[in-house]
Amino acid sequence: MYSPVYISPRVRQAGYLTKSFLTIDVWVINDLHKSYNNSVLSFTHNDKVIFEIENFTLPANDVVFIDWETLKTPIADHFNEGEHNIYITLLNDNKIIAKSDFTITVTNNKLHY
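For clarity, every value in this text was computed on a predicted model and none was experimentally measured.

Caption draft 1: Local environment of unusual backbone geometry. One non-glycine residue, Asn61, lies in the positive phi region at around 45°. With respect to the helices and strands, Asn61 occurs in the loop between strand S6 (48–58) and strand S7 (62–66). Unusually for a residue other than glycine, Asn94 sits at a positive phi of about 60°. Assignment of secondary structure puts Asn94 in the loop between strand S9 (82–92) and strand S10 (95–107).

Quick look at the structure:
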């Protein structure tokens, strides 16, 4: 489905140990002739913010890449064992411009793939 402003997360791994870090890359794509300044890119779980980028700028007709090292967040600070949905939302003037989500699984045991 086409969306002129789109958030595309690349989940580097679906499973995480509780003592690890969330490692995802995110592309925020703007296919409009309008830029979004002073925006907020928010990562939430159960309506709680786990990471936020304030004063985020998305230029017109451009893509902003955010690497996993920028978004590196300790799993133990936000998640218990189990499956968790994480939502990424781009807000501008308190309006949702784009939203995306992904699921991770957290375990205390070694992961076997």
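That was the structure; now back to the text.
Caption draft 2: Structural view of the environment of Glu52. Following the sequence through the fold, Glu52 ends up in strand S6. Measuring from C-alpha to C-alpha, the distance between Glu52 and Glu83 comes to 21 Å, with 31 residues separating the pair along the chain. Those residues in contact with Glu52, other than ones at most four positions away along the chain, are Val40, Leu41 and Ser42.

Caption draft 3: Up close: the pattern of salt bridges. A complete count under the given rule lists two salt bridges for this structure. Here Arg10 makes a salt bridge to Asp25, at a shortest N to O gap of 2.4 Å. Placement of Arg10 in strand S1 (residues 5–11) and of Asp25 in strand S4 (residues 24–30) is noted, with a sequence separation of 15 residues between them. Residue classification places Asp25 among the buried residues on the basis of a relative accessible area of 0%. For Asp25, the salt bridge identified is with Arg12, shortest N-O distance 3.0 Å.

Definitions and cut-offs
- Residues numbered from 1 in each chain as written.
- Predicted model: local features only at pLDDT ≥ 70, side-chain atom pairs only at ≥ 80, totals over all residues.
- Heavy atoms only, no water.
- Helix = DSSP H or I, 4+ residues; strand = E, 2+ residues; numbered from the N terminus.
- Contact = heavy atoms within 4.5 Å.
- Salt bridge = Lys/Arg side-chain N within 4 Å of Asp/Glu carboxyl O.
- Buried < 20%, exposed > 50% of the residue type's maximum accessible area, 1.4 Å probe, protein only.

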